[in-house]
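# What the coordinates show
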Amino acid sequence: MLKRSLLAAVAVGTLMAAGAAQADTVKIGYIDPLSGAFANVGDSGKRHFEFMADKINANGGLNGEMVEIVAFDNKINPKESLIQLQKAIDQGIDIVVQGNGSSIASAIIDAIEKHNRRNPDEPVLFLNYAAVDPAFTNDRCSFWHFRFDADADMKMEALTDWLATREDLSKIYIIGQDYSFGKAVQAAANRMLAAKSPEKEIVGDELHPLGKVKDFSPYIAKIKASDADVVITGNWGTDMTLLVKAASDAGLDAPILTYYGGGLGTPTAMGESALGRVMQITEWHENVADLGLEPMMDEFEGEHQIDFYYYRVKNLMEMLQKAAAKAGSTEPAALAMALEGMEHETEVGTISMRADNHQLIQPLYLSTFSDDVPRDVEGTGFGFKTDYRIEGPATATDTTCEMKRPS
Amino acid sequence: MEVIVFSALNGLLYGLLLFMLSSGLTLIFSMMGVLNFAHASFYMIGAYVAYTLSSGIGFWPALFLAPVIVGLIGALVERYGLRKVHSHGHVAELLFTFGLAYLIEEAVKLIWGKLPVPYGVPDSLDWAIFTLFDTTYPAFRVFMMVVASLMFVGLWLLLKKTRAGLMIQAALTHPQMVGHLGHNVPLIFMLVFGIGCALAGLAGVIGGALLVTEPAMAFTLGPIVFVVVVVGGMGSLTGAFVASILIGLLQTFAIAIDASLADLFALVGIQLDPKGELTGITLAQIAPMLPFILLVLILIFRPRGLMGARES
């Protein structure tokens, strides 16, 4: 009896080992907030990744291996993120994606650098789809980090270029979240405005706690009192929604230049009051005309009841697939090498991954909230309408990155 | 001028919301000596229940029904939970309500999900009531101020001018005697706990629509409610009112002021670098911290709070 059960145990053990060896899935760890104030944003990102993973899998996966997204809730907390990262690594996951919060991305980059130094044979790759602190592709660049969104400086260049053409907007108010990204936006705005339009006056320069403010009315009162002609903000998630909600409530009529005006929930909160006033700078939006993306957007929206927003998730997953094919492997080091300098044909044109600092170069669109759009967002009847497109190469900024590649 | 007026209005509004939340807490504490850690959780239940009800029967019925439902839940919690724990002393009660807060949060996540729900201002109150210095002021905010003020007056009258209030006051200091006089003290306790929770529920109905209704809303407001109760004085309704308004105004005005710490020190003649890492922090940035600084100061210099009835 004992002998038989022992035999069975051995058999099961062997089977399991064989299963692990033949694993035909590549797991990608998705580390973002799935609870708390930013849960909706994290949830939306997760759905985009799962959707694109299905698309990639239907199209042959990564060299025949199926992609699986494994979600980890980091509660938008750097410490929790490191625990979740470790959990992912312990599960054998060696590709992680994250986007919400540069403070989080910063912690992950540090942790992965350390991990990869200590375990050179089992490195982990970090694909960043939204954390845009410029430091990650400059002073703090890492071979293991790739960014698929334009960084805060690149976007600010576009916004300040537009501002420079508007002589009627001379008083500027900057408001942002009090953490690395908010400060990066603030610094970029100050620096670029001083260089491009020294005649303009910055009448307010404000940071508020990240995800803690429940009522932005006091801030709006301050903005109104400052007589600002235009507001610049890098806010996202509920901080963005509540800011515009308070602005509409108080009847603030200055244009608001945003990074994430089209972000989840924001168009609903803005409503009619934001028409022609709220602008955003993004790599894409739903009304970039005639790209042939409509069937895919319809499919996504039908499945998830939220708008397709992260075009860059599509780019990320497609480039990952291409890198796997090019490298003939799904090993992080080989993928990273293949991604460096990679060019990719997309609906908006050719995009490329800079080899010197791992920043994706792609066209950017400046767009305004409008009621005259073919596709509305969040069922509001409104959507974003392109003002102009900035070609990819024009968005590239100098880098101070000194990339250390594994030898 | 504009800033002062609007900061005052916004501060008053925030203060009144805090009062709506803390009045129930201070009532429960003064009556039962129970520090209800789960109080803000009842506020959250109020918001969620109102959200569900208002999508079915509209906002106005929900405004009355949701607090009743929350009150009933509160009464059940007292009857079948707290009363059993009561005999084991204060620490057990504290732990019980502490655990309850987590339980409620998880339950809310299970029922309504982890994402914020689209609970907003009802259409009938979604308009600008007046315009001042080109700034419009939403009617819902004024409505909230009216409800909070009515709540304060109503509670005050109940406690000070009615027989029931008299009993509650008496049970605060002499529970044995009130019991010996033939009053059903456990029933009074259950009622008070229920009413306290219902008040939190009412705050939730309004606060949820005004702010965001999400599972973390209890934990973001929980600590500040305790600050209000401690600053105002444990068990004092007027104290809670004054402290709420004080904290509301303090926080809102701090946001409006751009002076940095270095500027503040300069006022008393100490010159510091206005662009320094620490000294460059503006008052607006430390605004969220101010209530807690106040809490520490009150505990050091006036432990019984502004108008506290109890020393301990």
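Residues numbered from 1 in each chain as written. Chains lettered and ligands numbered in written order. Predicted model: local features only at pLDDT ≥ 70, side-chain atom pairs only at ≥ 80, totals over all residues.

## Side note on the overall build of chain B
Applicable threshold: Secondary structure elements follow DSSP: runs of H or I no shorter than four residues count as helices, runs of E no shorter than two count as strands, and numbering proceeds from the N terminus. Throughout, radius of gyration means the C-alpha value; the globule benchmark is 2.2 Å times the number of residues raised to the power 0.38. In this scheme every C-beta is placed from the backbone, and a residue whose C-beta has 20 or more other C-beta atoms within 10 Å is buried, one with 12 or fewer is exposed, and one in between is partly exposed. Each residue gets a C-beta atom placed from its backbone, and two residues are in contact if those atoms lie within 7 Å.
Counting secondary structure elements, chain B contains 13 helices and two strands. What you see for chain B is a C-alpha radius of gyration of 21 Å, in line with the 20 Å of a compact globule of 312 residues. By principal-axis analysis of the C-alpha atoms, chain B measures approximately 65 × 50 × 40 Å. For chain B, with 312 residues in total, the buried portion stands at 45%. Within chain B, counting contacts between residues at least 6 apart in sequence, those at least 24 apart form 75% of the total.

## What about the overall build of chain A?
Tallying secondary structure elements over chain A gives 13 helices and 15 strands in all. Along the three orthogonal principal directions, the C-alpha set of chain A runs to about 85 × 45 × 40 Å. Counting every position in chain A, which comprises 407 residues, the buried fraction comes to 53%. The contacts of chain A with a sequence gap of at least 6 include a subset with a gap of at least 24, amounting to 70%.

## Quick notes on the nonpolar core
Test applied: Buried Ala, Val, Leu, Ile, Met, Phe, Trp, Tyr and Cys residues whose C-beta atoms connect them within 7 Å together make up a nonpolar core.
Grouped together as the largest cluster of nonpolar side chains are 214 residues, with contacts concentrated most on Leu127(A), Leu21(B), Tyr43(B), Met44(B), Val192(B) and Val228(B). If sequence neighbours within four positions are ignored, Met44(B) has contacts with Ile104(B), Val108(B), Gly204(B), Met217(B) and Ala218(B).

## A short note on unusual backbone geometry
The phi angle of most residues is negative, glycine excepted, and most peptide bonds adopt the trans form. All names here are of chain A. In this structure, Gln-305 takes a positive phi of about 55° despite not being glycine. Judged by C-beta crowding, with 10 C-beta atoms within 10 Å, Gln-305 ranks as exposed. Unusually for a residue other than glycine, His-358 sits at a positive phi of about 65°. Assignment of secondary structure puts His-358 in the loop between strand E12 (349-353) and strand E13 (360-361). The exposure class of His-358 is buried, given the 27 C-beta atoms found within 10 Å.

## Describing helix H6 (residues 180-196) of chain A
Which entries qualify depends on this criterion: To estimate the expected span of a helix, count its residues, drop one, and scale the result by 1.5 Å.
Spanning 17 residues, H6(A) covers 24 Å between terminal C-alpha atoms, matching the ideal 24 Å at 1.5 Å per step. Looking at the buried side of H6(A), the elements it contacts are helix H4 (102-118), helix H5 (152-164), strand E6 (171-177), strand E7 (201-208) and strand E8 (230-233) of chain A.

## Re the interface of chain A and chain B
Defined as follows: Under the convention adopted here, Pro, Cys and the residues Ala, Val, Leu, Ile, Met, Phe, Trp and Tyr are nonpolar, Asp, Glu, Lys and Arg are charged, and Gly plus all remaining residues are polar.
Counting residues at the interface gives 25 residues for chain A, matched by 25 residues for chain B. Mapped by element, the contributors of at least two residues to the side of chain A that touches chain B are helix H2 (39-58), E7, helix H7 (217-225) and helix H8 (238-250) of chain A. Ranked by residues supplied to the side of chain A that touches chain B, first place goes to H7(A) with seven residues. In terms of residue class, the side of chain A that touches chain B is built from ten nonpolar, six polar and nine charged.

## A few points about H7(A)
Residues and elements named next belong to chain A. A large share of H7 lies buried, amounting to nine of its nine residues. Those residues of H7 lying buried are Ser-217, Pro-218, Tyr-219, Ile-220, Ala-221, Lys-222, Ile-223, Lys-224 and Ala-225. Looking at the residues trailing H7, positive phi occurs at Asp-227, about 65°.

## Remarks on the sheet that holds E12(A)
Residue and element names in this part refer to chain A. Rules: Any two strands are treated as partners once DSSP identifies two or more bridges connecting them. What counts as an axis is a line fitted to C-alpha atoms, over the stretch in contact for a helix, and the angles between N-to-C directions run from 0 to 180 degrees.
Across the sheet, three strands lie side by side as E11-E12-E13; this open sheet has antiparallel pairing. Each of the sheet's edge strands pairs with one partner strand only, and the pair in question is strand E11 (343-346) and E13. Here E12 pairs with E13 via two bridges, running antiparallel. If you follow Ser-352 over to E13, its bridge partner there is Ile-361. Contacts between helix H11 (residues 311-327) and the sheet are confined to E11 and E12, with E11 contributing the most and set at about 130° to the helix.

## A look at the sheet that holds E7(A)
Residues and elements named next belong to chain A. Strand order in the open sheet made by the seven strands is E7-E6-E8-E9-E10-E14-E15, with mixed pairing throughout. The sheet is open, and its two borders are formed by E7 and strand E15 (383-390), each paired with just one other strand. The sheet shows a mean angle of 20° between the axes of neighbouring strands, direction not considered. Strands in contact with H7 are E6, E7 and E8; relative to E7, the strand with the most contacts, it is inclined by about 170°. Strands E6, E8, strand E9 (256-258) and strand E10 (278-282) of the sheet are contacted by H8, whose axis makes an angle of about 170° with E9.

## Digging into the confidence of the model for chain A
Here is the rule we go by: Confidence scores here are pLDDT values: one per residue, from the predictor, ranging 0 to 100.
A residue-level look at chain A finds 94% of positions with pLDDT of 70 or above and a mean pLDDT of 87. Note on residues 12-22 of chain A: pLDDT is under 50 here. Beyond four places in sequence and across chains, it has zero contacts.

## Structural notes on the pairing of E6(A)
All names here are of chain A. Threshold: Think of it like this: strands point away, you trace from the first strand over the helix to the second, and a clockwise trace means the crossover is right-handed.
By the criterion of burial, E6 is predominantly enclosed, with six of the seven residues buried. Following the chain from E6 across H6 to the adjacent parallel E7, one finds a crossover that is right-handed. The pairing of E6 with E8 spans four bridges and is parallel. From the neighbouring strand, Ile-175 faces E8, where its bridge partner is Thr-233.

## Section: the environment of Asn138(A)
Residues and elements named next belong to chain A. Along the polypeptide, Asn-138 turns up in the loop between strand E4 (125-128) and strand E5 (145-147). Separated by 209 residues in the primary sequence, Asn-138 and Glu-347 have C-alpha atoms spaced 28 Å apart. Among all residues touching Asn-138, those that are not within four sequence positions of it are Asn-357, Thr-399, Thr-400 and Cys-401.

## Section: the pairing of strand E3 (residues 95-98) of chain A
Residues and elements named next belong to chain A. A two-sided burial pattern is seen for E3, the buried positions comprising Ile-95 and Val-97 on one face and Val-96 and Gln-98 on the other. Here strand E1 (residues 25-32) pairs with E3 via three bridges, running parallel. Of the residues in E3, the one forming a bridge with Tyr-30 is Val-97.

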